[in-house]
Every structure is written in C-alpha cells, then in structure tokens.
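Geometric and topological summary
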Amino acid sequence: MRIFLILPILMTFPQVSLTLRESAPVGDPVTLPCIGKAASHLPADQLQIKWELPSRPVWDLINGKNYTGPGFENRVEVAREKIGEGDFSLTIHHTKLSDEGTYSCFYQGRDYQEAVFLQEVTLILRAHTETRSVKPGEDLSVPVFADEVEVLFNNTVVYPKSSDTQQDRVSVREGYLIIHRVTQADQGSYTVRDRSTKRAVSVITVTVEDTKKQSQDSDKSSDQGDGSTGVTGGVLGAAVGLAAAVAVAVAAAAAVAAGVGIRLCRRRNPQDRPPPGGQQPAQDGENPEIIPLNN
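Residues numbered from 1 in each chain as written. Predicted model: local features only at pLDDT ≥ 70, side-chain atom pairs only at ≥ 80, totals over all residues. Heavy atoms only, no water.

Below, the discussion takes up the overall build of the chain. On a plain count of helices and strands, the chain comes out with two helices and 17 strands. Sorting the 295 residues of the chain into buried and exposed places 28% on the buried side. Partitioning the contacts of the chain with sequence separation of at least 6, the portion at a separation of at least 24 is 59%. Accessible surface computed for the chain: about 20100 Å², of which carbon and sulfur atoms make up 54%. (Helix = DSSP H or I, 4+ residues; strand = E, 2+ residues; numbered from the N terminus. Buried < 20%, exposed > 50% of the residue type's maximum accessible area, 1.4 Å probe, protein only. Contact = heavy atoms within 4.5 Å. Areas by Shrake-Rupley, 256 points an atom, 1.4 Å probe, with all protein chains shown as cover.)

Quick look at the sheet that holds strand β2 (residues 30–32) now. Strands in a sheet are paired, the pairing made by backbone hydrogen bonds, and the direction either parallel or antiparallel. Spatial strand order, β2-β7-β6: three strands in an open sheet with antiparallel pairing. Whereas interior strands pair on both sides, the edge strands pair on one side only; in this sheet they are β2 and β6 (76–78). Averaged over all pairs of adjacent strands, the angle between strand axes in this sheet comes to 25°, irrespective of strand direction. Of the pairings in the sheet, the one linking β6 to strand β7 (residues 90–92) comprises three bridges and is antiparallel in character. (Pairing = 2+ DSSP bridges. Axes fitted to C-alpha atoms, helices over the stretch in contact; angles between N-to-C directions.)

Take the nonpolar core next. Judged by nonpolar contacts, the single largest core of 51 residues is most densely connected at Trp51, Phe88, Leu90, Tyr103 and Leu177. In contact with Phe88, other than residues within four places in its own chain, are Cys34, Gly36, Ala39, Leu47, Ile49, Trp51, Val78, Ile83, Cys105, Tyr107 and Leu118. (Core = buried A, V, L, I, M, F, W, Y, C linked by side-chain atoms within 4.5 Å.)

With mixed pairing, the five strands of this open sheet are ordered in space as β10-β17-β16-β12-β13. The sheet is open, and its two borders are formed by β10 (128–134) and β13 (156–159), each paired with just one other strand. Taking each pair of neighbouring strands and ignoring which way they run, the sheet shows an average axis angle of 30°. The pairing of strand β12 (residues 149–153) with β13 spans three bridges and is classified as antiparallel. Counterpart to Phe153 in the pairing with β13 is Thr156.

Turning to the side chain of Asp87, a few remarks are in order. Assignment of secondary structure puts Asp87 in the loop between α1 (80–83) and β7. One buried charged residue, Asp87, remains without a salt bridge, the closest side chain of opposite sign being Lys82 at 4.5 Å. (Lys, Arg positive; Asp, Glu negative; His and termini not counted. Salt bridge = Lys/Arg side-chain N within 4 Å of Asp/Glu carboxyl O.)

For the rest of this paragraph, the subject is unusual backbone geometry. The residue after Tyr159, namely Pro160, is reached through a cis peptide bond having omega 10°. With respect to the element layout, Pro160 can be found in the loop between β13 and β14 (170–173). Located in the positive-phi region is Asn63, a residue other than glycine, with phi close to 50°. Here Asn63 lies in the loop between β4 (56–62) and β5 (65–68). A positive phi is found at Asn154, a non-glycine position, where the angle reads about 50°. On the secondary structure map, Asn154 appears in the loop between β12 and β13. Using a relative accessible area of 44% as the deciding quantity, one classes Asn154 as partly exposed.

The next subject is the pattern of salt bridges. Summed over the entire model, instances satisfying the criterion amount to nine salt bridges. With a closest N to O distance of 2.9 Å, Arg75 and Asp99 form a salt bridge. Highlighted residues: Arg75 in the loop between β5 and β6 and Asp99 in the loop between β7 and β8 (101–109), separated in sequence by 24 residues. Each of the two residues, Arg75 as well as Asp99, counts as buried. When the shortest N-O distance is used, the salt bridge between Asp186 and Arg169 registers 2.9 Å. A residue pair is termed long-range when its members are at least 10 positions apart, and Asp186 in the loop between β15 (176–179) and β16 (188–194) and Arg169 in the loop between β13 and β14 qualify at 17 residues. Residue Asp186 shares its accessibility class with Arg169, and that shared class is buried. Several salt bridges share partner residues, and in doing so they unite Lys50, Glu52 and Asp60 into one network.

Below, the structure is given as structure tokens:
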C-alpha cells in the first residue's frame, strides 16, 4: 500500500496591474496616468522614471534631467511639481496617429537593482472632426496630424491626385492641408487618412460663404429701408401741409372778425359822423383827413 504525502507549495506572484485605456481625437492632448506612491519619498536626484513603448523610448527622468525619445520631441512631459507626490502621469501634446500603442511606466531608485513596473496604458486615437467656414477666394489651412496622407473630397481622392474641380489647388505642406483660392465648388466634406493603413485621421467639413446672396439680401434690406423712409416723409409732409392750412384759416378768420369790429365801432361812435356839409373842420396845425364810411 502506497501513501502519498501532499506538501504545500509556496509561490510568489508578481503584482498585477490592469492595462488602462485612454482615447482622444488625433491632435488633442492626452494624459496617461501612472501613480508610484512608493517612490514619493525618494529625492529627485536619486529617482529614475521611465516611459516607453514596446519598440522605442518615450520619456526618461535620470538624475533630475529629462530625456525625450525620437518622434516625441517637444510634445511629452511629466509635471515636475507632481513627481514628489508620486504622480508620474505622462502628457502627450499634439497627438499623432503614430502615437498609438501600449505605454509602460517604471521607476527605479539609486539603490534599486532593477526598475519597478507601475502601469500600462493603451492609447487609442480617433479621427479629429472640425467644421470650417471660409470666404470665396481665400486659402483654407487645417492640420492633418500625420506624415503620409491622402485627401478625399466627398469620397473622391483629390490629393495627391487632384480632381477636375480642384485643378491642383489642394496640397499638403508641413503637416497642413491647404485648399487654395476656395470657390463654391469646394464646399463639402474632406477626409484625411493615412496612406498606408487607410485609417481616417481627420474629417473637415468646409462651408463657403455665399457673398452674392449676402449682397442681394443687403440690397433688399436697403430698398425696404428707403421705402419706409419715403412713407414716413409723405406722412410728415401731409401733416405739415394740414397744419399750415389750419393756420391760414385761423388767420383769415381773425382778420374778418377784426374788420367787423372796426365797422361796428365806427357806426356806434357819434363823433365819427361828419357834420352837416359832409366834412368836419380840422384843428389848428392838423391836416384835414377824410374818413370814408361804408354804409
């Protein structure tokens, strides 16, 4: 009879950290989180922090100095004021489609024999969307956020091969899509996509202002304004004419009333009647005056 003795087996498992996912539109900044509270007590000159992709370095802090990997120059940073708190989160500015991937964060002290893994973060970028308005004749310039791209206008490739409507007026220079001398025919949707993967990098909806319609609307508003001014002027003119007529009538009535009053006074005043003979003698030094009386 055989007896089997089962002995306990002790195993040590490394700390497991779940991979985080961060998403952002191409061109926007994004922050990849990494917290290392255990390293918060280490002086900056004794601390090494490392961010990397599987195929290339991204950002390193060594003896208080930071180093940037190829392709990330002037675009990545870890906030120095937060390092002392154990926050090693990496911010990527002006994201590009080539920035996608799984990033790993490590730290190491001066007396550590190997780096301590902290966090994995997978960055996923989505197409940048934008609406732009431009006047006819102007140039339109928008960033494309990629190196080797092609441009589709309403699902037709216009760059690097131009369509008949564009006539070589669409180009990509120094990371910007440029539409030269925009016309009404250029209005629509432009899709910028990676030439090799055919993934959409950005979608730009372009509207071109209709200056002819705006001019017609302005003329129409002006005509309506002139008509209202004419009506107002006619009403004011009629009112002034009516007031003048009333004033003339009042003046005439006053004159007639004054004339009647004078005749009544002369008829009632006996001194105004001439003596027999038809004439009143004049006083010394006065010229005789004949006052005709109307019967």
